[in-house]
Amino acid sequence: MQISTTRLLLVLQSIDEVRAMVAAMGNEEYAELSADWLARLQIATVSDPWSHGFSIVERECGETIGKAGYKAPPDAAGMVEIAYGIAPEHQGVGYATEAAAAMTSYAFGTGDVHLVRAHTRPRVNASTRVLEKCGFRRVDDVIDPEDGLVWRYEHALADFQGATRALD
């Protein structure tokens, strides 16, 4: 499975790729992984866009320039959280914005998601600008169990549909 944008392909990682990535992690990186996510990975038999993440590939050169994913499947209220990262040498040209917008659009397009959430460090930075460009709004300061104090951003399906209709 892949998600296509103008300049990028978000390619779903295989279970073997994800397991190899986890096996290659150092103790500190491994300790940051969610026990729930690791349990889902251990029993997985097929790649899952909600759990296994995407490689971000630059279409023109075919190079993997980053990763993106959802932190978990949609919850009972239809919420998912996105995360993304672009390699430093490819930052500053809009790839993160393009990837975050694609992840948001895919989530809403499934019919299972009504709210997309993201967290950033608690200061204005590249990620806050990416999220704002994608239609997210800062809604709260929260304490994340893994990251401490973060700014919470959210994008509701109703706002997404309204923006899409405005473009028609």
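Everything here concerns the structure above.
## Description of the packing of helix 1 (residues 15–23) against helix 3 (residues 35–43)
In the contact formed by helix 1 and helix 3, the axes pass within 10 Å of each other and the chain directions differ by 130°. Overall, the two elements helix 1 and helix 3 adopt an arrangement that is oblique. You can see that helix 1 and helix 3 cross each other, and the crossing is left-handed. Taking contact as the criterion, the partners of I15, V18, R19 and V22 in helix 1 are, on helix 3, W37, L38, L41 and Q42. Among the residues forming the contact of helix 1 with helix 3, the class breakdown is six nonpolar, one polar and one charged.

## As for the environment of A96
Structurally, A96 can be placed in helix 4 (residues 95–109). Residue classification places A96 among the buried positions, given a relative accessible area of 18%. As for A96 and H114, which are separated by 18 residues in sequence, their C-alpha atoms are 22 Å apart. Non-local contacts of A96, meaning those with residues more than four positions away in its chain, are made with Y84, I86 and V130.

## A few points about the nonpolar core
Of all hydrophobic cores here, the largest spans 31 residues; its most connected members are L10, I56, Y70, I82, V116 and F136. Breaking this core down by element, the ones donating at least two residues are strand 2 (8–12), strand 3 (54–58), strand 4 (64–70), strand 5 (79–86), helix 4, strand 6 (115–120), helix 5 (126–133) and strand 8 (148–156). With eight residues, helix 4 is the largest single contributor of residues to this core. With sequence-adjacent residues up to four places away left out, V116 is seen in contact with V80, I82, T104, A107, F108, F136, Y153, E154 and H155. Among the nonpolar cores identified, the runner-up in size contains seven residues, and I15, V18, W37 and L41 belong to it.

## Some points on the pairing of strand 2
Buried residues dominate strand 2, accounting for four of its five residues. As consecutive antiparallel partners, strand 1 (residues 2–4) and strand 2 are separated by three residues. In this structure, strand 2 lies alongside strand 3, joined through five bridges in antiparallel fashion. Counted as the bridge partner of L10 is I56 from strand 3.

## Re the packing of aromatic side chains
Going through the model one piece at a time under the given rule, you end up with four aromatic pairs. A centroid spacing of 6.5 Å and a plane angle of 80° characterise the contact between F54 and Y70, whose relative ring orientation is edge-to-face. On the criterion of sequence distance, the pair formed by F54 in strand 3 and Y70 in strand 4 is long-range, its members being 16 residues apart. With respect to class, F54 is no different from Y70; both count as buried. These aromatic residues form a ring-pair network of at least three members: W50, F54, Y70 and Y106. Just above the ring of W151 sits the side chain of R138; from NZ or CZ to the centre is 3.7 Å.

Here is what the cut-offs are and how they apply
- Residues numbered from 1 in each chain as written.
- Predicted model: local features only at pLDDT ≥ 70, side-chain atom pairs only at ≥ 80, totals over all residues.
- Heavy atoms only, no water.
- Axes fitted to C-alpha atoms, helices over the stretch in contact; angles between N-to-C directions.
- Helix = DSSP H or I, 4+ residues; strand = E, 2+ residues; numbered from the N terminus.
- Parallel < 35°, antiparallel > 145°, perpendicular 65-115°, else oblique.
- Left-handed = near helix turned anticlockwise from the far one by under 90°.
- Contact = heavy atoms within 4.5 Å.
- Nonpolar A, V, L, I, M, F, W, Y, C, P; charged D, E, K, R; others polar.
- Buried < 20%, exposed > 50% of the residue type's maximum accessible area, 1.4 Å probe, protein only.
- Core = buried A, V, L, I, M, F, W, Y, C linked by side-chain atoms within 4.5 Å.
- Pairing = 2+ DSSP bridges.
- Phe/Tyr/Trp six-rings, centres within 6.5 Å; stacked < 30°, edge-to-face > 60°.
- Lys NZ or Arg CZ within 6 Å of the ring centre and 35° of its normal.

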